[in-house]
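Survey of secondary and tertiary structure
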Amino acid sequence: MSAVNDTPALSVVRCAACGRVDTPRRSVCSACLGSQLEALAIQGEGVIASFTTIRRAPTQFRDRAPYDVVVIDLDAGLRVTGRLDPHSSPAAVGARVRLVSVQGSDTVFAVSQT
Amino acid sequence: MREVSIVGIGSTTFGRHAATPIEQLGVQAAVEALLDAGIDRSRIGALYLGNFISGPLNGKEVLAGIVADQLGLPNIPCTKVEGACASGGIAFRHAWLAIASGQCDAALVVGVETMTHAPTAQTTAALNCAMDNENDGPSGLTFPGLFGLAWRIHADRYGTTREQVSAVVKKNKANGLLNPLAQMGATLTDEQIAASALICDPLQLYDCCPASDGAAALVLVASDRLSGTQGMPVDILAAVQTRGSPSIGGHPDLCSFDATVSAAGRAYQMAGIAPGDVDVVELHDCFSVAEIVDSEDLGLVPRGEGAIWAAEGRTAVGGQIPINPSGGLLAKGHPVGATGVGQLYEVVRQLRGTHPNQVRDAEIGMTHNLGGAGVACTVSLLRRPA
């Protein structure tokens with residue numbers, strides 16, 4: 001887990017050549033084929049683009065079902081997939097969320113209290 | 001590029017064939033297609049076979065060569081292609097390309113899958129191989145979930161209701177009752193659909209296609225080499241394949257697939273026709289809401305009105321643009337690697353005028369096959385000869 005001021009942060013990559021920010025686990029920049037990708041921690045804040053409640057889960061998630069999968073449009077400009085914290089307020093399209101935990105690519109968000 | 005025609009078709013029923021080895025299903029469909037074409041096997045210059053998950057579910061690969069061997073085909077290039085649920089459509093396009101480019105004069109296309117013998121968890125895991133498992137898989141997303149996401153946006157943006165989406169389910173299930181190849185035709189009510197189990201809200205059980213076994217096959221021949229074949233050839237006006245994003249994050253709109261929009265655009269241009277010229281469509285309704293999204297992406301229905309058109313009966317046989325008279329994936333079934341070839345089988349029967357759920361005077365037909373999270377798509381346009 002990476003953290004900025006104890007707040008969980010998302011790990012992404014930034015191309016040293018053209019500056020494109022993208023999801024990690026890639027070896028070249030898809031915009032310019034630059035191979036120098038720098039790790040970058042960004043704030044996990046954004047809005048819910050859509051969500052669904054998974055009731056028939058893949059085996060490795062079965063003990064957590066039902067759970068909400070959320071698609072988040074991050075303020076940083078990336079669209080990412082994550083899960084809603086089971087203790088979060090209910091999801092809604094357009095609701096603001098923040099990242100509450102990260103383990104590798106497994107990201108959990110919660111609806112921000114306004 | 002040479003003109004290419006479909007001169008032979010074959011298909012098993014879609015449903016349960018748990019006792020039949022996967023290669024046997026492919027062979028059954030292929031023999032039917034070869035006999036229908038009336039072509040000598042020695043003339044087949046290439047075989048393309050669409051299959052997605054025989055590796056994980058059957059421990060069997062190189063199916064193209066196995067099927068060709070059992071058919072006694074000559075020493076020809078035999079290629080298995082994989083593009084998730086678009087594998088069959090891609091196999092067809094490659095066979096078309098081989099003939100159009102002059103590499104061979106005739107080719108066999110087979111699509112085949114077996115799924116019902118495996119436990120649901122194993123099938124789900126196999127299908128999930130087509131997801132971006134670096135970025136989307138770790139969230140616990142499933143393919144039904146992808147369409148739950150799409151439905152949520154369609155409802156939010158256009159006010160689409162449960163009852164409107166149910167119109168797609170009722171139409172396709174009713175169409176399936178008329179198709180002897182279909183796995184799950186049914187007469188359903190709004191109440192039955194609304195009472196079915198939630199799978200991925202708002203998606204419910206009757207919004208989902210079943211797991212299926214099945215195979216379909218086509219014989220393609222250069223249009224100037226038709227002598228020595230029998231039956232009514234159907235002309236291929238366009239065979240297009242496109243790539244979209246493999247990841248959720250790469251889709252700017254979660255209720256539209258770029259790969260479908262671009263494939264349709266290129267297909268209309270290649271054929272020199274407009275969406276309004278299409279008489280019948282078999283499209284990729286893996287889930288009820290997918291038919292709504294697809295019909296809009298293909299330009300057949302105005303954006304946001306896919307569910308309304310279904311509810312008004314405009315996509316039924318006899319309506320403005322009949323969609324999935326076969327029952328579609330929802331009712332005919334979805335043996336994933338076979339589906340794209342099965343769609344072409346259905347449209348050829350429509351254009352021959354021999355379909356059990358015939359669209360009257362159908363002259364131009366369309367198929368649409370979509371794979372993964374929209375990463376692969378094929379759109380084909382066929383025409384009955386004048």
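The numbers attached to residues start from 1 for each chain and follow its sequence in the written order. Going through the entries in the order they are written, you letter the chains from A and number the ligands from 1. Thresholds applied to this predicted model are a pLDDT of at least 70 for local features of residues and 80 or more for the giving and counting of side-chain atom pairs; totals over whole chains, interfaces and linings are not thresholded and use all residues. By convention in this description, side-chain values take in all heavy atoms of the structure and omit both hydrogens and water.

What follows deals with the overall build of chain A. Secondary structure is summarised from DSSP: a helix means a run of H or I of at least four residues, a strand means a run of E of at least two, and numbering begins at the N terminus for each. When its secondary structure is counted, chain A shows zero helices and nine strands. Overall, chain A shows an N-to-C arrangement of helices and strands of β-β-β-β-β-β-β-β-β. Each residue is placed in one exposure class: buried if its accessible area under a 1.4 Å probe, protein chains only, is under 20% of its type's maximum, exposed if it is over 50%, and partly exposed if it falls in between. Out of the 114 residues in chain A, the part that is buried amounts to 44%. Split by element, the accessible area of chain A, about 6100 Å² in all, is 47% carbon and sulfur. Note on areas: these come from Shrake-Rupley sampling with a 1.4 Å probe, and a residue is covered only by the protein chains present in the view.

Let's shift gears to the nonpolar core. Residues and elements named next belong to chain B. Among the nonpolar cores identified, the biggest contains 74 residues, and Tyr268, Val278, Leu298, Leu300, Met366 and Leu381 are the most heavily contacted of them. Tallying contributions element by element places helix H6 (residues 143–158) first for this core, with seven residues. By definition, residues are in contact when any of their heavy atoms lie within 4.5 Å. The contacts of Tyr268, once residues within four sequence positions are left out, are Ile273, Ala274, Pro275, Val278, Leu298, Leu300, Met366 and Leu381. In this text, buried Ala, Val, Leu, Ile, Met, Phe, Trp, Tyr and Cys residues form a nonpolar core when linked through side-chain atoms within 4.5 Å. Of all hydrophobic cores here, the second largest spans 37 residues; its members include Ala91, Ala107, Leu220 and Val347.

It is worth spelling out helix H13 (residues 339–352) of chain B at this point. Residue and element names in this part refer to chain B. Under the convention used throughout, the expected extent of a helix is 1.5 Å for every residue step, that is, one less than its residue count. For H13, built from 14 residues, the straight-helix expectation of 20 Å at 1.5 Å per residue is met to within 8% by its first-to-last C-alpha distance of 20 Å. Along H13, 13 of the 14 residues are buried, which leaves the element largely enclosed by surrounding structure. Just downstream of H13 lies Gly353, where phi reads positive at about 80°.

Aromatic rings from Phe, Tyr and Trp, with only the six-membered ring used for Trp, were paired whenever their centres fell within 6.5 Å, and each pair was classed as stacked if the ring planes differed by under 30 degrees, edge-to-face if by over 60, and tilted otherwise. Counting across every chain of the model gives three aromatic pairs over all chains. Three or more aromatic residues joined by ring pairs make a cluster, and in this case those are Phe147, Phe257 and Phe287 of chain B.

Residue and element names in this part refer to chain B. Relative to the helices and strands, His94 resides in helix H4 (residues 87–100). Taking the C-alpha atoms as reference points, His94 and Ser247, 153 residues apart in sequence, are found 25 Å from one another. Not counting chain neighbours up to four residues away, the residues in contact with His94 comprise Tyr48 and Gln241.

What follows covers unusual backbone geometry. At the junction of Ala65 of chain A and Pro66 of chain A, the peptide bond is cis and its omega measures out at -5° in the coordinates. Structurally, the position occupied by Pro66 of chain A is in the loop between strand E5 (45–54) and strand E6 (67–74). At the junction of Asp201 of chain B and Pro202 of chain B, the peptide bond is cis and its omega measures out at 5° in the coordinates. Summarising the element assignment, Pro202 of chain B is placed in the loop between strand E5 (198–200) and strand E6 (203–204). In this model, Arg25 of chain A sits at a positive phi of 60°, which is unusual for a non-glycine residue. Relative to the helices and strands, Arg25 of chain A resides in the loop between strand E3 (21–22) and strand E4 (37–43). A positive phi angle, near 55°, is found at Asp361 of chain B, a position not held by glycine. Examined against the element boundaries, Asp361 of chain B turns out to sit in the loop between H13 and strand E10 (364–371).

Residue and element names in this part refer to chain B. Tracing the backbone shows His355 in the loop between H13 and E10. Any pair of N or O atoms that falls within 3.5 Å is considered a polar contact. Within protein, one atom must be able to donate a hydrogen and the other to accept it, and sequence-neighbouring residues count only if both atoms are side-chain atoms. Among the polar contacts listed, one links the side chain of His355 to the side chain of Glu346, at a separation of 2.5 Å. Here His355 is in contact with Pro325, Ser326, Glu346, Arg349 and Gln350, once residues within four sequence places are set aside.

So, about the sheet that holds strand E1 (residues 4–11) of chain B. Residue and element names in this part refer to chain B. If you walk across this open sheet you meet the nine strands as E3-E2-E4-E7-E1-E8-E11-E10-E9, and the pairing is mixed. The open sheet has two edge strands with one neighbour each: strand E3 (78–81) and strand E9 (280–282). Sheet twist, expressed as the mean angle between neighbouring strand axes with direction ignored, is 25°. By definition, two strands form a pair when at least two bridges between them are found by DSSP. Bridge count for E9 against E10 is three bridges, and the pairing is parallel. Structural elements are reduced to axes, namely lines fitted to C-alpha atoms, with helices fitted over the stretch in contact, and the angle between N-to-C directions of any two is expressed from 0 to 180 degrees.

Residue and element names in this part refer to chain B. Checked against the element boundaries, Val280 lands in strand E9. Relative accessible area serves as the criterion here: at 0%, Val280 is assigned to the buried category. Ignoring any residue separated from it by four or fewer positions in sequence, one finds Val280 in contact with Ile321, Pro322, Pro325, Gln350, Val359, Ala362, Ile364, Gly365 and Met366.

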